[in-house]
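# Summary of the model geometry
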Amino acid sequence: MRNVYVLSADTTKYGKSPLSARELALQASKKAILDAEISPADIQASFIANAFSLAEKQGHLGPIIMSGLGIPDVPASTIESACASGASAIREAWINIGAGIYDCMLVVGVEKVSQLDTITATTYFSFGSDFVFEGACGASFPGLYGAIARSHITKYGTTEEQLASVAVKNHANAMSNPNAHFHKRISIEDVMKSPVIASPLKLYDACPFSDGAAAAILCSEDFLKKTGRKSSEKVLIRGSGRAGGTGALFQREDLTTLNAAVMAGREAFKMAGLSQKDIDFAEVHDCFTVAELVAEEDLGFARRGQAAKLTQEGYTKIGGELPVNPSGGLKAKGHPVGATGVGQVVEVFEQLHGKAGERQVEDARIALTHNVGATGGSCGVHIFELT
Amino acid sequence: MTELTQDASELTIKEFQEGIHEGKIEGYRCTNCGHQQIDIMEFCPVCHSAKLEKVEFSHFGSVVTYTIQLVAPEQFMNEVPYAWAIIQLDDGPKITGWIPFISRPEDLPIGQRVVFKKSYLPGIVFEKGKTGD
């Protein structure tokens, strides 16, 4: 495999947007192309990460987005792995460039769901589960994570206040992220008093339905040279891991871990030749507060059952030993499904270049992203290094 | 070429759902290794044998984990609050189901005995078992 670099990564603001997926994707793509100081004509192929474009009565996003970028002849396909669509698209682009098929690719993740009412949106999200046996049997998407949270509480004694501490931290981090969905500081009490949606999870344990897009230009070393750039000060994809798990949560042995995340994490660390202590910060898939704790345990940053305590003690805040979700995470930066995994790369790119403002992680050089589809049917983990 | 025909040993989604409304819980057992699973499947995930047989499972089980749904998918909007649970059946695999009228965690301890109930309500309905179930 050849080395693959992130040449640029940029995003729209996350939140409620009047724009369509197509327009959001074009905005993010334009920013990434201009940041990279390339021409759209340099893009040889593209992957679009998206889950719910049919809710806007539009499939086949690829050609529409390429046409809007003035390159209708460029092949572009949608990659759908529910909420892990972004990491899956990054992974596929990494494979294509690494294998020498292409030298320059655009990965753009996008979602537009704010036109749906809450019940419809909740139903759409439950389509990411094994719908026949879970969604159609009464489980909402928060309900599936509620069941995971109940298992974590039962097995490890995790408390609802500890879950709330994840939300409090991530809301605090998002305060200085101009592109975040929420700019609202919250307290443990605010979380505890918010309405229960799927016990033990409350409204403030959950990420929002967000609109938004994020885009990245990935390229080979040859392409970097062609553009007259040195490979120094560039972001290298040092490790990539991708694994699957049963689409159905109920079939699993242990409901306090996502095996796909364990496997994808191991693959990425092995490829990178690095261990957990080498990671300066991580952007993980905190679709619900409990998911951040499970992620830290699955990736080996915390021993089983210990992540809640570490969060409470400040280990994962900005300035702590391992800052987790300095962007605000899905919880507060927002979760435009298809865009989320690409948006994690945007945060990594900004942080590694020292451009994250008040939420800057000091001396960040190596970062990890962890992006999960539904309840762990898909997971992608990437490790990035500023070379 | 392998011919694909549906035989008596195969379970369709429609048959599974009709079975539930008729009071049957159906799924698969691998005739090679004995693994049991409620699913729509062609190969065993443990030994990868294609020799699966359709079997009927017990109606009794215990709650492994659950959530109480206060915001629910469309089909269940009028049923809130209820518990959606993962249930370990006594003679085999895990299954999902929902238990009506559960509104507080105190009402459903982990390990609670439950029994499958034939019903025309959507999904797979369970109710709390009596002592001795």
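Note that the structure is a prediction, hence the values are computed from the model and not measured.

Analysis parameters
- Residues numbered from 1 in each chain as written.
- Chains lettered and ligands numbered in written order.
- Predicted model: local features only at pLDDT ≥ 70, side-chain atom pairs only at ≥ 80, totals over all residues.
- Heavy atoms only, no water.
- Disulfide = S-S within 2.5 Å.
- Buried < 20%, exposed > 50% of the residue type's maximum accessible area, 1.4 Å probe, protein only.
- Pairing = 2+ DSSP bridges.
- Helix = DSSP H or I, 4+ residues; strand = E, 2+ residues; numbered from the N terminus.
- Axes fitted to C-alpha atoms, helices over the stretch in contact; angles between N-to-C directions.
- Contact = heavy atoms within 4.5 Å.
- Domains from an automatic or database assignment.
- Buried area = accessible area lost by both parts, 1.4 Å probe.
- Polar contact = N/O pair within 3.5 Å; in protein donor to acceptor, adjacent residues only side chain to side chain.
- Nonpolar A, V, L, I, M, F, W, Y, C, P; charged D, E, K, R; others polar.
- pLDDT = per-residue confidence, 0-100.

## So, the state of the cysteines
Residues and elements named next belong to chain B. Considering all chains together, one arrives at 0 disulfides over all chains under this definition. Cysteine Cys30 remains unbridged, with the sulfur of Cys47 as its closest cysteine sulfur at 3.5 Å. Since its relative accessible area comes to 2%, Cys30 is described here as buried. No disulfide involves Cys44; its nearest neighbouring cysteine sulfur is the one of Cys33, lying 3.7 Å away.

## Re the sheet that holds strand S4 (residues 104–111) of chain A
Residue and element names in this part refer to chain A. Across the sheet, which stays open at both edges, the 9 strands sit in the order S3-S2-S4-S7-S1-S8-S11-S10-S9 with mixed pairing between neighbours. At either end of the open sheet lies a strand with only one pairing partner, and these are strand S3 (76–79) and strand S9 (281–283). The sheet shows a mean angle of 25° between the axes of neighbouring strands, direction not considered. Both strand S1 (residues 4–11) and strand S8 (residues 235–244) contribute to a ladder of 2 bridges, which runs antiparallel. Across the sheet, residue Val6 finds its bridge partner in S8, namely Val235. Lying over the sheet, helix H1 (residues 21–36) contacts S1, S4 and strand S7 (212–220), oriented at roughly 40° with respect to S7.

## Notes on the sheet that holds strand S1 (residues 26–30) of chain B
Residues and elements named next belong to chain B. Across the sheet, which stays open at both edges, the 3 strands sit in the order S2-S1-S3 with antiparallel pairing between neighbours. Strands with a single pairing partner mark the edges of an open sheet, and in this sheet they are strand S2 (36–37) and strand S3 (52–56). Pairing of S1 with S3 involves 5 bridges; the strand directions are antiparallel. Considered in S3, the bridge of Gly27 is made with Val55.

## A short note on the domain arrangement of chain B
It is common to give the size of an interface as the accessible area lost on bringing the parts into contact. All names here are of chain B. Along its sequence, chain B is carved into domain 1 (13–56) and domain 2 (60–128). Using C-alpha coordinates to define each centre, domain 1 is positioned 21 Å away from domain 2. Contacts between the two partners involve 10 residues from domain 1, matched on the other side by 14 residues from domain 2. Between domain 1 and domain 2, a total of about 930 Å² is buried, with carbon and sulfur atoms accounting for 70% of that surface. When the buried surface of domain 1 facing domain 2 is broken down by residue, Ile20, His21 and Ile25 rank first, second and third, together holding 53% of it. Summed over the shared surface of domain 1 and domain 2, the number is 2 residue pairs in polar contact (both at pLDDT 80 or more). At the level of secondary structure, the elements contributing two or more residues to the side of domain 1 that touches domain 2 comprise helix H1 (13–22) and S2. With 4 residues, H1 is the largest single contributor of residues to the side of domain 1 that touches domain 2. Looking at side-chain class alone, the side of domain 1 that touches domain 2 contains 4 nonpolar, 4 polar and 2 charged residues.

## Topic: the environment of Gly98 of chain A
Residue and element names in this part refer to chain A. Secondary-structure assignment places Gly98 in helix H3 (residues 85–98). Distance in space between the C-alpha atoms of Gly98 and Asp190 is 47 Å, their sequence separation being 92 residues. If sequence neighbours within four positions are ignored, Gly98 has contacts with Met1, Arg2 and Val4.

## Focus on the confidence of the model for chain A
The pLDDT averaged across chain A works out to 96; a share of 99% of its residues lies at or above 70. Here helix H4 (residues 118–126) of chain A is the element of chain A with the lowest mean pLDDT, 85, and S9 of chain A is the one with the highest, 99.

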